Each structure stands twice: as C-alpha cells, then as structure tokens.
Amino acid sequence: MTQFYKRAICLLIPLLIISCSNDDKVALTNADDREIGAYVRTTETVNSDFSIDNPADIFRVELEVHDEQNGDLLESIEVYLTYKKTGALPSTEVLLKTLERDVFVIGEFGKPVSPLTVSFEEALGAFNLTMADMSCKDQFEVRINQKLTDGRSFTTGQSSSKIVAADDFWSSPFCYTINIIEPIAEDQFTGIYQLESIVDGPLGATFGETQLVEVYKGHSTNVREMRLRHRLSILQEQPRIFRFTIACDEAIFSKDLLSSKIGFCGVDPAILLGPDTENATIDPNDDTVFELWFVEGYLGFDGNCGFGTAPSRIRLSKQ
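Note that the coordinates shown come from a computational prediction; the quantities given were computed from them, not determined experimentally.

The rules behind each value
- Residues numbered from 1 in each chain as written.
- Predicted model: local features only at pLDDT ≥ 70, side-chain atom pairs only at ≥ 80, totals over all residues.
- Heavy atoms only, no water.
- Pairing = 2+ DSSP bridges.
- Helix = DSSP H or I, 4+ residues; strand = E, 2+ residues; numbered from the N terminus.
- Core = buried A, V, L, I, M, F, W, Y, C linked by side-chain atoms within 4.5 Å.
- Buried < 20%, exposed > 50% of the residue type's maximum accessible area, 1.4 Å probe, protein only.
- Contact = heavy atoms within 4.5 Å.
- Phe/Tyr/Trp six-rings, centres within 6.5 Å; stacked < 30°, edge-to-face > 60°.
- Lys NZ or Arg CZ within 6 Å of the ring centre and 35° of its normal.

**Some points on the sheet that holds strand S3 (residues 58-66)**
No. 1: Here four strands make up an open sheet; going across it, the order is S1-S3-S7-S6 and the pairing antiparallel. The strands lining the two open edges of the sheet, one partner per strand, are strand S1 (39-47) and strand S6 (105-106).
No. 2: Strand direction decides the pairing type here: S1 and S3, joined by seven bridges, are antiparallel. Looking at S3, one finds that Tyr39 is bridged to His66.

**Some words on the nonpolar core**
No. 1: Counting residues in each nonpolar core, the largest one holds 33 residues, and the members touching the most others are Phe59, Ile77, Leu116, Phe140, Val142 and Ile144.
No. 2: Elements with a minimum of two residues in this core: S3, strand S4 (74-84), strand S5 (94-100), strand S7 (112-119), helix H2 (120-126), strand S8 (139-148) and strand S10 (175-181).
No. 3: Element by element, the count of residues in this core is highest for S4, at five residues.
No. 4: If we skip the residues at most four places from it in the chain, Leu116 touches Phe59, Arg60, Val61, Leu63, Val79, Leu99, Val142, Ile144 and Tyr176.

**Description of the sheet that holds strand S12 (residues 211-217)**
No. 1: Within the open sheet, the 10 strands sit side by side as S16-S17-S19-S20-S11-S12-S13-S14-S15-S18. Their pairing is antiparallel. Of all strands in the sheet, those bounded by a partner on one side alone are strand S16 (257-258) and strand S18 (280-281).
No. 2: Strand direction decides the pairing type here: strand S13 (residues 223-228) and strand S14 (residues 240-247), joined by six bridges, are antiparallel. Counted as the bridge partner of Leu228 is Arg240 from S14.

**Description of the packing of aromatic side chains**
No. 1: Applying the stated criterion across every chain, the model contains 13 aromatic pairs.
No. 2: Here the aromatic rings of Phe50 and Phe120 are separated by 4.4 Å at their centres, their planes lie at 15°, and the arrangement is stacked. Within this pair, whereas Phe50 is found in strand S2 (residues 49-51), its partner Phe120 is found in helix H2, the two being separated by 70 residues in sequence. When sorted by exposure, Phe50 lands in the same class as Phe120, which is buried.
No. 3: An angle of 65° between the planes, with centres 6.1 Å apart, marks the rings of Phe50 and Phe140 as edge-to-face. Residue Phe50 is found in strand S2, and its partner Phe140 is found in strand S8; the two are separated by 90 residues along the sequence.
No. 4: The exposure class assigned to Phe50 is buried, which follows from its relative accessible area of 0%.
No. 5: Residue Phe140 is classed as buried on the basis of its relative accessible area, which comes to 0%.
No. 6: Every member of this aromatic cluster is reached through a ring pair, and the members are Phe50, Tyr83, Phe120, Phe127 and Phe140.
No. 7: Of note, Arg143 hangs over the ring of Tyr80, and the distance from its end group to the ring centre comes to 4.4 Å.

That's the geometry; what it means functionally is another story.
Pasting the structure below:
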C-alpha cells in the first residue's frame with residue numbers, strides 16, 4: 001500500500017478551477033510541468049441523496065488526506081456548495097464550512113481521516129431556501145478545497161481520469177453531486193436485465209454485445225449499480241461498477257466512472273464516463289424497461305482516442 005501512495009503523489013497534476021461542472025474543463029500540463037501535490041481519497045460514500053420529504057437527510061462521504069508528508073501538511077479543507085435548480089442556471093457558489101485539521105484523526109493507513117457531511121437543512125440554509133422551494137431532480141454540488149500549511153491548495157481540475165475516477169485507488173474528484181429524489185422501494189429497478197446498446201459509443205457499443213446483467217441497490221436510497229465490462233477491457237480485469245440514480249421521471253447516470261484500467265488508445269489515462277447533458281426519461285413506477293443516457297470522454301477524458309466527448313445510450317429490459 002505504501003508504494004501505491006508514493007506513486008499516487010508523483011502522478012498528480014493539480015490545476016485549480018472553481019466549479020465541478022463539465023463546462024469548466026481545463027487544459028492539461030505536460031509531464032515536465034508536474035508538481036508533487038496532494039489529494040483527498042473518497043474511501044466510502046454513505047449517502048448521496050436528499051429525499052424531497054425528509055429535511056433530516058444527510059449527505060456523507062469518508063475522506064482520507066494524502067500529501068508528501070503523510071497528511072502532516074494538512075491545514076484544512078474548505079467545503080463549498082452550489083445549488084442547481086432544475087431548468088435554471090446554477091447559483092453562485094458559497095463557502096459552507098471549513099474542516100479544520102483538529103477534526104481529523106489518524107486512520108488505518110496512517111493518514112488523516114474524517115467524514116464530510118452536509119445536512120439537507122445546512123444546504124437549504126446556505127441559500128435561504130425552504131423545503132417548499134425544492135423540486136425533485138434539483139441538485140446540490142459539493143466542492144472541497146484542500147489547503148496545506150505551506151500555502152498551496154488543491155481542488156477540482158485534477159489532470160488525470162485515474163485520479164478523479166470513483167471506485168478506484170485514488171478516487172479523488174474533489175466534487176460530489178447530491179440529487180434531490182423521491183424515494184423508491186428497495187426492489188424497484190433491481191434484478192436481472194437484458195442490456196442492449198441503442199446508441200453506440202465512439203468506439204462501438206460501450207459495453208459490448210447484448211447481455212444479461214444484474215442491477216442492485218447501491219449506497220443510497222435511489223442509487224442502483226451494475227458490474228460491466230467496457231469494450232476496451234479484458235477478461236483478466238474485473239468488471240467495474242457503473243451506477244445511476246432514479247430521480248422522479250429521469251435516470252441520471254453517475255459521473256467520474258472509469259471505463260477500464262486499460263480503456264485508452266495507446267496512451268493512458270483511460271476514458272471517463274459520466275452523465276450526458278440530457279437524461280433519459282423514465283416511469284418511476286414501471287421498471288420493466290428503461291434507458292440510460294451518458295457520454296464517453298466525460299470532462300474531455302477520451303483516453304487519447306481523439307473523439308473528445310461522445311454520447312452513448314443503453315436500454316435495460318427486465319427478464
């Protein structure tokens with residue numbers, strides 16, 4: 001594990017921007033400009049939904065801090081929040097709170113760890129909103145800024161898909177999306193489905209030929225997951241988790257999902273998958289057939305394949 005930590009620090013290419021959105025893609029620096037940096041691993045996601053009828057809901061992820069001195073350079077982590085009303089422009093970002101160094105404890109691997117929580121009530125208060133102002137499919141975006149004692153800081157804009165990718169070693173996106181949802185039953189949108197491509201990705205059907213897959217409940221009330229192989233993966237590689245959220249009449253594909261460890265064209269980093277600008281419309285009361293709309297090359301990470309960002313769509317039919 002120690003070797004991986006050292007390699008992770010050396011591979012970081014920190015670039016600072018002040019938004020989580022894919023409209024704020026930044027240019028990459030070349031290898032000669034790399035700087036030894038810092039990052040914040042997301043070791044677990046406990047809950048990522050706010051239920052429209054439950055002001056007591058709490059968003060929670062577990063953080064693990066890394067830098068050149070095993071976390072000793074950590075000064076604080078600033079937590080910023082943006083509100084995205086369905087059909088409207090995002091709000092101005094606000095500083096919600098700061099996690100000072102003394103709230104962190106030393107974790108299993110000798111690094112500072114702490115939960116990051118945002119309650120529904122906190123989020124509403126930050127924008128002087130009430131529950132009556134909320135609509136299903138609204139979103140809050142949480143951005144963190146890692147401040148070090150030597151004056152440096154690190155936030156969104158990491159230059160490699162392998163750094164920001166969920167369910168991977170680094171898992172350091174510096175940004176999280178909280179979906180406003182109406183809860184569905186645990187057994188809805190679960191079971192065995194036939195998966196077929198209805199709009200092929202830029203390299204062909206994103207997940208290969210028509211196949212049977214198991215969809216199961218994920219870490220949050222309306223989050224569903226399935227394990228799939230990207231078309232560039234190989235049999236020696238374990239299928240990766242791909243997840244989506246049911247938010248009323250839409251299925252929202254999750255962001256920062258790595259295609260495959262080797263999902264690139266000659267040179268890494270690999271292709272990143274994420275939500276398209278438009279989500280598939282569904283019937284939340286009928287889970288027999290539904291679609292997922294997403295893109296390959298999310299945030300411009302196209303695995304050096306040259307296609308930029310391209311749409312892909314799949315259909316899932318219950319068996």
